[in-house]
Amino acid sequence: MFFRSKILYLAIVILASLNFVFGYTISYELNGGINHPENPTEYEIGDDLLNIFPPTREGYQFLGWYIIQSNANTDINLNSHYKYSNYNSKSKNTIAKGLGHFTLSARWGLIPQIPKQDMRGCYLIYTAEELYGLFKNNYFSGCASLQNDIVVNENLLNENGRINKENYVWWLSPDLRGTFEGNGFKIFGLRGENGLFSEIYSDYSEKSSVRNLGIEDSYFSGNGYVGSIAGTITSSTELINIYSTSTVYAEKEESFELGSGGLVGFIEVSYRLCLLCKPNQDVNPQYAPRQENAPYVKIENAYFSGHIIDEMNHKKTAGIVFKADAVSLTNVYNSSPSNVSDAIIMYHSAICEEDLYLETENVFYVNHSDSNLTKATPLTVEQFRNGTA
């Protein structure tokens, strides 16, 4: 037994020494691009930096290298959203310890074009390139108005809501502060992380809004809150006349704090520390009246009929909003074929009970799921088809 242990120990030492001599490997997924000729395929440990240069792809904008595999970090996998730029200022010693052998994937987007403004100063979006140009710095403050249906990726999803094509372009899920007017048009083929928007916010004296818009044939997945309209909303906002037939997937759903909703991942519009009030626990409270002038999110004339993925059965999914503190729902329904933890809202919670607000009117869902929190009405698939909803 002692002899076997010695042999095993020597084998480990030899393998470690080989790694030291020959270094670690770097693999690349170019997704239609051409790699930079100076990009290394291996590296040895040391105090110097490991430089990775951008690839090229004619007609597309490079959005960054993302780490999709690593033999030293089990949190990184094929669905990861770790940018290699986080390691740009770190030594090879640090990279070897954190990543070891690793694989980088190139993300591409459309080349942005700055849209023109109308007499009001509102940006007019006619093309997918102008949609990218509106959010050139990954956020937008002001007014934007769609003038056409926008197609970013054609036929992105299959009938089961899974990605159906290779070499698609990415959407960076920017932040919105202001108004996004859809004018009854639709956006197709977004492949993003948190949603059409990562966060919607505004000043206390303002309201942001998304109106008259459909999101179709799109796929959103990330390491945080995910919803096809927005990952998070952190101030008074109106979502009116909107719908989505997209797929949403919060990949880190094992965390209690993270989850996915068909339209919105997380609504948190109350910020009071409330040191003197009784903290609220994550329970199903009675409907709470809204405090005067208190912020809330209004969702009206909206539905979700896409797919919600919960592969690990973490029960962190909801048909409309995963988690909210203050929200009203009017003429809202979920007809998704996915089995979700709650058909409408999974959690209604806030730091302080007086910040809680939940009001619903004409809220429906397909009856293969349950809604324990809202006073929503279950309907059959046939009732949705014949117009009962």
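In this report, we go over the structure that sits alongside the text. (Residues numbered from 1 in each chain as written. Predicted model: local features only at pLDDT ≥ 70, side-chain atom pairs only at ≥ 80, totals over all residues. Heavy atoms only, no water.)

## A look at the sheet that holds strand 13 (residues 219-222)
- Taken in spatial order, the four strands line up as 10-13-17-21 in an open sheet, and their pairing is parallel. The sheet is open, and its two borders are formed by strand 10 (191-192) and strand 21 (307-308), each paired with just one other strand.
- Pairing geometry for strand 13 and strand 17 (residues 247-250), over four bridges, is parallel. By the bridge assignment, glycine 222 is partnered in strand 17 with alanine 250. (Pairing = 2+ DSSP bridges. Helix = DSSP H or I, 4+ residues; strand = E, 2+ residues; numbered from the N terminus.)

## Some words on the pairing of strand 16 (residues 237-244)
- The buried count for strand 16 comes to seven of eight residues, which makes it a mostly enclosed element.
- Of the strand pairs in this sheet, strand 12 (residues 208-216) and strand 16 are connected by seven bridges, and their pairing is parallel. Bridge pairing in strand 16 links arginine 211 to isoleucine 240.
- Pairing between strand 16 and strand 20 (residues 297-304): seven bridges, direction parallel. Bridge pairing in strand 20 places tyrosine 243 opposite tyrosine 303. (Buried < 20%, exposed > 50% of the residue type's maximum accessible area, 1.4 Å probe, protein only.)

## Looking at the sheet that holds strand 14 (residues 226-227)
- Across the sheet, three strands lie side by side as 14-18-22; this open sheet has parallel pairing. Only two strands of the sheet have a single partner each, and these edge strands are strand 14 and strand 22 (317-318).

## Some points on unusual backbone geometry
- One non-glycine residue, asparagine 31, adopts positive backbone phi at about 50°.
- Of note, asparagine 31 is situated in the loop between strand 1 (24-29) and strand 2 (42-43).
- Phi angles above zero are rare outside glycine, and asparagine 241 is one such case at about 55°.
- Within the fold, asparagine 241 resides in strand 16.

## Quick notes on the pattern of salt bridges
- By the definition in use, this model includes seven salt bridges.
- A salt bridge links arginine 107 to glutamate 193, with the shortest nitrogen-to-oxygen separation between them at 2.8 Å. You can see arginine 107 sitting in strand 5 (residues 102-110) and its partner glutamate 193 sitting in the loop between strand 10 and strand 11 (197-200), a full 86 residues away along the chain. Note on accessibility: arginine 107 and glutamate 193 belong to one class, buried.
- A salt bridge links glutamate 206 to arginine 177; the nearest nitrogen and oxygen atoms lie 3.7 Å apart. With glutamate 206 in the loop between strand 11 and strand 12 and arginine 177 in strand 9 (residues 175-188), this residue pair connects regions lying 29 residues apart in the sequence.
- For glutamate 206, a relative accessible area of 35% puts it in the partly exposed group. (Salt bridge = Lys/Arg side-chain N within 4 Å of Asp/Glu carboxyl O.)

## Observations concerning the environment of glutamate 353
- When you line up the elements, glutamate 353 lands in the loop between strand 25 (345-348) and strand 26 (357-366).
- Taking C-alpha positions, glutamate 353 is 9.2 Å from aspartate 325, a pair spaced 28 residues apart along the chain.

## Considering the state of the cysteines
- Within this structure, the stated rule accounts for one disulfide.
- Between cysteine 122 and cysteine 143 runs a disulfide, and the two sulfur atoms are separated by 2.0 Å. The disulfide joining cysteine 122 to cysteine 143 has a torsion of about -70° about its S-S bond and is therefore left-handed. With a gap of 21 residues between them, cysteine 122 in the loop between strand 5 and strand 6 (123-125) and cysteine 143 in strand 7 (residues 139-146) connect regions that are remote in the sequence.
- In this structure cysteine 122 comes out as buried when scored by relative accessible area, which is 0%.
- Judged by its relative accessible area of 24%, cysteine 143 falls in the partly exposed class. (Disulfide = S-S within 2.5 Å.)

## Focus: the environment of isoleucine 163
- With respect to the element layout, isoleucine 163 can be found in the loop between strand 8 (150-151) and strand 9.
- Look at isoleucine 163 and you get partly exposed, because its relative accessible area is 27%.
- Placed 28 residues apart in sequence, isoleucine 163 and arginine 191 show a C-alpha to C-alpha distance of 8.9 Å.

## Here's the deal with the environment of glycine 262
- Tracing the backbone shows glycine 262 in the loop between strand 18 (260-261) and strand 19 (264-267).
- When its relative accessible area of 0% is taken as the criterion, glycine 262 is described as buried.
- Among all residues touching glycine 262, those that are not within four sequence positions of it are Gly227, Ser228, Val248, Phe304, Ile308, Ala318, Gly319 and Ile320. (Contact = heavy atoms within 4.5 Å.)

## Overview of the packing of aromatic side chains
- If you walk through the whole model with that rule in mind, you get 20 aromatic pairs.
- For the pair tyrosine 43 and phenylalanine 102, a centre-to-centre distance of 5.9 Å together with 55° between the ring planes defines the contact as tilted. Taken together, the positions of tyrosine 43 in strand 2 and phenylalanine 102 in strand 5 put the pair 59 residues apart, joining distant regions of the chain.
- The exposure class assigned to phenylalanine 102 is buried, which follows from its relative accessible area of 2%.
- Put simply, the rings of Tyr123, Tyr132, Phe135, Phe140, Trp171, Phe180 and Phe197 pair up and form one aromatic cluster.
- Its guanidinium or amino end placed over the ring of tyrosine 60, arginine 57 lies 3.9 Å from that ring's centre, counting from NZ or CZ.
- Lying across the ring of tyrosine 66, arginine 107 places its NZ or CZ 3.6 Å from the centre. (Phe/Tyr/Trp six-rings, centres within 6.5 Å; stacked < 30°, edge-to-face > 60°. Lys NZ or Arg CZ within 6 Å of the ring centre and 35° of its normal.)

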